[in-house]
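The primary structure of each chain is shown beneath.
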Amino acid sequence: MRVNKKYSCLPAEEKGIHIINIRAIEDIGYDQHESTLLNSLSKNPDADCKYGLYFRDGKRKVDYILVYHYKKSSAGRTLTRRVHHNDSSARSTKQDQPLPGKGVQLEMGESEPHVDYHEDDKRFRREEYEGNLVEAGLELERDEDTKIHGVGFVKIHAPWNVLCREAEFLKLKMPTKKMYQINQTHGLLKKINSVIQKITEPIQPKVAEHKPQTVKRLSYPFSREKQHLFDLSDRDSFFDSKTRSTIVYEILKRTTCTKAKYSMGITSLLANGVYSAAYPLHDGDYEGENVEPNDRKLLCEEWASYGVFYKYQPIDLVRKYFGEKIGLYFAWLGVYTQMLIPASIVGIIVFLYGCATVDENIPSMEMCDQRNNITMCPLCDRTCSYWKMSSACATARASHLFDNPATVFFSVFMALWAATFMEHWKRKQMRLNYRWDLTGFEEEEDHPRAEYEAKVLEKSLRKEHKHKETDKEKLTWKDRFPAYLTNFVGIIFMVGLTFAIVFGVIIYRISTAAALAISSTPSGRSSVRVTVTATAVIINLVVIIILDEVYGCIARWLTQIEVPKTDKNFEERLIFKAFLLKFVNAYTPIFYVAFFKGRFVGRPGDYVYIFHSFRMEECAPGGCLMELCIQLSIIMLGKQLIQNNLFEIGIPKMKKFIRYMKLKRRRSLDHEEHMKKKQRYEVDYNLEPFAGLTPEYMEMIIQFGFVTLFVASFPLAPLFALLNNIIEIRLDAKKFVTELRRPVAVRAKDIGIWYNILRGIGKLAVIINAFVISFTSDFIPRLVYLYMYSENGTMHGFVNHTLSSFNVSDFQAGTAPNDPMDLGYEVQICRYKDYREPPWSENKYDISKDFWAVLAARLAFVIVFQNLVMFMSDFVDWIIPDIPKDISQQIHKEKVLMVEVFMREEQGKLQMLETWKDNGKKKGENCNNHSPRLSRSRSGSLSSCHSYPLDV
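Calculation rules
- The residue count restarts for each chain, going from 1 along the sequence in the order it is written.
- Thresholds applied to this predicted model are a pLDDT of at least 70 for local features of residues and 80 or more for the giving and counting of side-chain atom pairs; totals over whole chains, interfaces and linings are not thresholded and use all residues.
- Side-chain numbers here rest on the full set of heavy atoms in the structure, without hydrogens or water.
- Under the scheme used here, helices are H or I runs from DSSP no shorter than 4 residues and strands are E runs no shorter than 2 residues, and both carry numbers assigned from the N terminus.
- Here the term buried applies to any residue with accessible area under 20% of the maximum for its type, exposed to any over 50%, and partly exposed to those in between, with areas from a 1.4 Å probe on protein chains only.
- Per-residue and other accessible areas follow the Shrake-Rupley method at a 1.4 Å probe size, with only the shown protein chains counted as cover for residues.
- In this description, a line fitted to the C-alpha atoms serves as the axis of each element, helices being fitted only across the stretch in contact, and the angle between N-to-C directions of two axes falls anywhere from 0 to 180 degrees.
- Any angle that is under 35 degrees is reported as roughly parallel, and any over 145 degrees as roughly antiparallel; angles of 65 to 115 degrees are reported as roughly perpendicular and all others as oblique.
- Handedness of each helix crossing follows the sense of rotation of the near helix against the far helix: counterclockwise by less than a right angle gives left-handed, clockwise gives right-handed.
- Contacts were defined at the residue level, with two residues in contact if any of their heavy atoms lie within 4.5 Å.
- Residue polarity is assigned by list, with Asp, Glu, Lys and Arg as charged and Ala, Val, Leu, Ile, Met, Phe, Trp, Tyr, Cys and Pro as nonpolar; anything else, Gly included, falls into the polar class.
- Patch rule: a residue counts if its relative accessible area is over 30% and it has no salt bridge; like charges are joined within 9 Å, and nonpolar side chains (Val, Leu, Ile, Met, Phe, Trp, Tyr) within 5 Å.
- By convention in these notes, a salt bridge is any Lys or Arg side-chain nitrogen within 4 Å of a carboxyl oxygen on Asp or Glu.
- UniProt positions are given in the numbering used here, feature names are shortened, and annotations may be inferred rather than shown by experiment.
- Nine residue types can take part in a nonpolar core, namely buried Ala, Val, Leu, Ile, Met, Phe, Trp, Tyr and Cys, and a core is a set of them joined through side-chain atoms within 4.5 Å.
- For Phe, Tyr and Trp, where Trp contributes only its six-membered ring, two rings pair if their centres lie within 6.5 Å, and the inter-plane angle classes them as stacked under 30 degrees, edge-to-face over 60, or tilted in between.
- Only a pair of cysteine sulfur atoms within 2.5 Å counts as a disulfide in this structure description.
- The pairing criterion is simple: DSSP has to find at least two bridges between the two strands.
- On a range of 0 to 100, pLDDT expresses the predictor's confidence in each residue.

A. Structural context of the overall build of the chain. Helix and strand counts for the chain come out as 31 helices and 18 strands. For the chain, with 952 residues in total, the buried portion stands at 48%. With an accessible surface of roughly 48000 Å², the chain has 59% of that area assigned to carbon and sulfur atoms.

B. Local environment of the packing of helix H25 (residues 694-708) against helix H27 (residues 753-776). At a minimum axis distance of 9 Å, the contact between H25 and H27 shows a crossing angle of 20 degrees. As far as their axial angle goes, H27 and H25 are roughly parallel. Between H25 and H27 lies a crossing of right-handed hand. Note on element contacts: H27 touches H25 through Trp754, Ile757, Leu758, Ile761, Gly762, Ala765 and Asn769, opposite Thr694, Tyr697, Met698, Ile701, Phe704, Gly705 and Thr708. Tallied by class, residues from the contact of H25 with H27 come to nine nonpolar, five polar and no charged.

C. How the structure looks around a nonpolar patch on the surface. Residues Trp477, Phe481, Tyr484, Leu485, Phe488, Val489 and Ile492 make up a contiguous nonpolar surface patch of roughly 750 Å² in combined accessible area. Assignment of secondary structure puts Phe481 in helix H18 (residues 477-519). Take Phe481: its relative accessible area is 44%, and that puts it in the partly exposed class.

D. Highlighting the packing of helix H21 (residues 567-596) against H25. Orientation of H21 relative to H25, taken along the N-to-C sense of each, is 35 degrees, at an axis distance of 11 Å. Crossing handedness for the pair H21 and H25: right-handed. Here H21 contributes Glu571, Ile575, Ala578, Phe579, Lys582, Phe583, Ala586, Tyr587 and Ile590 to the contact with H25, which in turn contributes Thr694, Met698, Ile701, Ile702, Gly705 and Phe706.

E. Just the UniProt feature "transmembrane region" (unreviewed entry) in the chain, in detail. Look at the UniProt record and you will see "transmembrane region" (unreviewed entry) annotated at residues 329-353, 406-425, 484-510, 530-554, 574-595 and 700-723. With 100% helix and 0% strand, residues 406-425 has its two end C-alpha atoms placed 28 Å apart. Secondary structure across residues 700-723 comprises 67% helix and 0% strand; the distance between its end C-alpha atoms is 13 Å.

F. The nonpolar core, seen in detail. In terms of nonpolar packing, the biggest core is built from 129 residues, with Trp332, Tyr336, Trp417 and Phe710 touching the most fellow members. For this core, the leading source of residues is H21, giving 15 residues. Ignoring anything within four residues of it in the chain, the contact list for Phe710 reads Tyr587, Ile590, Phe591, Ala594, Phe595, Leu628, Leu632, Gly705, Ile768, Asn769 and Val772. Counting residues in hydrophobic clusters, the runner-up holds 47 residues, among them Leu229, Phe238, Ile251 and Val274.

G. Region of interest: the packing of aromatic side chains. The tally for this structure, following the rule as stated, stands at 50 aromatic pairs. Arranged with centres 5.8 Å apart and planes meeting at 80 degrees, the rings of Phe322 and Phe736 form a pair that is edge-to-face. Placement of the pair is Phe322 in helix H12 (residues 315-322) and Phe736 in helix H26 (residues 717-739), with a sequence separation of 414 residues. There is no split in this pair, since Phe322 and Phe736 are both buried. Between the aromatic rings of Phe595 and Phe771, the centroid separation amounts to 6.5 Å while the plane-to-plane angle is 90 degrees, which identifies the pairing as edge-to-face.

H. Representation of the state of the cysteines in the model. Enumeration over the complete set of coordinates arrives at two disulfides. The residue that forms a disulfide with Cys368 is Cys393, at a sulfur-sulfur distance of 1.8 Å. Disulfide Cys368-Cys393: torsion about the S-S bond near 95 degrees, hence right-handed. Taken together, the residues Cys368 in helix H14 (residues 362-368) and Cys393 in helix H15 (residues 393-402) connect sequence positions 25 residues apart. Between the sulfur atoms of Cys377 and its disulfide partner Cys830 the distance amounts to 1.9 Å. Here Cys377 and Cys830 share a disulfide; its torsion about the S-S bond, 85 degrees, makes the bridge right-handed. On the criterion of sequence distance, the pair formed by Cys377 in the loop between strand E9 (375-376) and strand E10 (387-388) and Cys830 in strand E16 (residues 829-833) is long-range, its members being 453 residues apart. Both residues of the pair, Cys377 and Cys830, count as buried.

I. Inspection of the environment of Glu905 at higher detail. The residue Glu905 is located in helix H31 (residues 885-928) in this model. Remark: the alpha-carbon pair of Glu905 and Leu229, spanning 676 residues in sequence, is separated by 9.8 Å. Apart from residues lying up to four places away in sequence, Glu905 is in contact with Lys226, His228 and Leu229.

J. Just the environment of Pro342, in detail. Tracing the backbone through its elements, the reader meets Pro342 in helix H13 (residues 324-357). In the structure, Pro342 is positioned 75 residues away from Trp417 in sequence and 9.0 Å away in space, judged by C-alpha atoms.

K. Spotlight on the pairing of strand E3 (residues 64-69). Across the six residues of E3, five count as buried, placing the element largely inside the fold. As paired elements, E3 and strand E5 (residues 151-157) share six bridges and run antiparallel to each other. Within E5, the position partnered with Val67 by the bridge is Phe153. Relative to strand E8 (residues 277-279), E3 runs antiparallel, the two being bridged by three bridges. By the bridge assignment, Val67 is partnered in E8 with Ala277.

L. Molecular detail of the side chain of Asp548. Its place among the elements puts Asp548 in helix H20 (residues 528-562). A relative accessible area of 2% places Asp548 in the buried class. When residues no more than four places from it in sequence are discounted, the contact partners of Asp548 are Lys582, Asn585, Lys639 and Gln643.

M. Molecular detail of the pattern of salt bridges. A full pass over the atoms with the stated rule returns 42 salt bridges. In this structure, Asp877 engages Arg759 in a salt bridge whose closest nitrogen and oxygen atoms are separated by 3.6 Å. Residue Asp877 is found in helix H30 (residues 849-879), and its partner Arg759 is found in helix H27; the two are separated by 118 residues along the sequence. Given the relative accessible area of 28%, Arg759 is considered partly exposed. Members of the salt-bridge network, linked through shared partners, are Glu423, Lys426, Arg759, Asp877 and Asp882.

N. Geometry of H15. Counting buried residues along H15, seven of its ten residues qualify, which places the element largely inside the surrounding structure. If you check which residues of H15 are buried, you get Cys393, Ala396, Ala398, Ser399, His400, Leu401 and Phe402.

O. Looking closely at the confidence of the model for the chain. Per-residue confidence for the chain averages 79 on the pLDDT scale, and 81% of its residues sit at or above 70. No element of the chain has a lower mean pLDDT than helix H3 (residues 87-90), which averages 33, and none a higher one than H13, which averages 93. Contacts from residues 1-43, a stretch scored under 50 in pLDDT, to residues over four places away or in other chains number 113 contacts.

P. Quick look at the side chain of Thr802. Structurally, Thr802 can be placed in helix H29 (residues 798-802). For Thr802, a relative accessible area of 7% translates into the label buried.

Right, here's the structure in full:
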């Protein structure tokens, strides 16, 4: 067998290193030859291969790593890593040629005391799979001589011809030699842009990819037949590490292993434990002395550092290193964070307006005026006594901070803000698609998942056993019906569980309020409401955080039993279930306070009871908006601080420490091996595996809901979201660069289903804010009183108008206060917040006409507000084009230039053909002037005068 000179044989004395070399293959249609298994040794192998970034020859770059566990006795450790080669093996056929790891059992012979058939099965699967990878054109090198005992690594390298072939299959757009000028702004816009660039220069990252470009290379899907169009002057850098790993991963996914019952690519082998991990390598170290410059180190300095929190993100470098899908996530997060700046400023202004006008608010002044001497009815039966309205002065003043006319304006502003944000992101996304050469990219159907293939195989075998049919099967809705039923029942149960927990917290609030009213001192009774509210919200927060983790696992399990066909289908179904459960979990307590608390209380003498003993909760005299604000702020801030930040920092650190301790116990006691510097793939193996972007998107989507859904009750929500996101960007960046294995780069042109979820939340926010303003706040009752009942056109008398009267003699038996003289005087008439007829009326305690007037105004406001804001949002959506004008011009320009390139190429071919024809005619005329006899050539062969060579 011929061996390529480039990969010549090396001394076979190094233990544990097996190399699979293959013959170089032609660019179009390769011929598969026998692979050769070699043992390599160099004077300083770790330095030659840059500590695992290259093969042992120091020339071939490691594009991907497969990791597996193996078991063997210590006595046979040396033998199991050595494979002998002789002349006969070199002359053997491909079927007899040993793959990495073959021949081990032959060498062990009778020294093997115990045979582990499970491990042998895994080893046979690995041998076949790796052999198939070699047949696909990849080059492999095995390393079991590592610091991690019992763990072997298979290094994979894709040669040039394989990269070209797969790039053509995947239709990867690559830069051509043709360069063109990007359209620049002129006149006033150019001056404005130059001024903005000078102002923002200190906050720009210091990376080459982030600098504004004036020229751009024309891109075209790679083709081996048109290689002359591309700039191949430096083949080593033409395909970057991201592209190389993507190509190798595509080969890994489609390469089969037929020895197993079902094995469709690397995913099934990982699921069955044949391999324990598969990942591309990071570019190098990001810290330490004498570290060579690399993209990872640059990202760590200019992106994944808290010291650069004020700078823009180097999105192009992020995309270059991690791929388009992760780049789009961070680009979206950056746009979202930037858009939160104006929302935060307006929210602060609204809050400051409430603070400035609190002393001028007539309703709160009337509530705080002790001269009014308004006696309120008890808040609970028997144990609670009558109380003065002036004791709720602090709550009323605090409610005005969030319940004022500016809140309505802020709700309208945030609805338009959400629409503007979505349009701004679509335009930004188009710019990135143009810059990243994704304008013509269309996602093709992915390979079927391993679980789906297993289910189909099981169905086909069962059907073949019964009916002897061998047609290709697929899963139908009948096959998935049990899974669908389980999903439906499971989701209903989880939603019911959330409602039950919220109901339990309601019981806690009612019983705790009654208990504190009995035992508290007179000074403590005034703080009962605040104490109960704060403790209940903390309980809700703890439950939400716990259930979030539980629901995430349940959503994944429910999606797995559905057996979706592709990874994209799996991800979309998982996102839908997880978002539904987490949305209900996070917002149910807030929905209760906003729309249900205080609505079904009843009235004194005819209260509504739970379990015949607990009275339903009432809102404070100033309304439930203040309590809604407390609930929203504590849950939002606590969720961000504990779940999003502490968990993201603490859990990866804990997992890394546990993994380090396990490896430390398994590590050999050999001091020389302990002091040896780890290879790159060993270091990356100790990092946390990449779990996808779903958790990252999910926490931001839930936060987006907090910012938009109930913003009428908490204008400072955008500010706290902004502060959290500034930290979140750097925290996620640090996690991706330093804590996680490098993920496989995935091409994507948008953020997928998350965009539809964002649009849905934006539409829902308009409706919810309309109901919050109408039914939770006192905005509508104040307007009704001001324009229908006020005698002097002011708010004087509003508090008295919202209170109804009750004769204490109408209390049901056993519900009157135990101490009716607690205030120092006998109470005959107490007041409660409702619109009802007084006790001296013919229809006493019936709902009054004022209630219906206010209700009609509230419903009218909901309809007008919703339709007006929806129309304004749609108008913003219509007036802002999805594709920026300059980008559409550049895309059109690229098409025109590409047509010109191909037209010139065709013209060149035609001219060459014309030249050949002219040369042929001239030679034919010369031959006609002589006799058509045969002439003998110099070499002695006979040739006709009419035959002539063409040099193509």
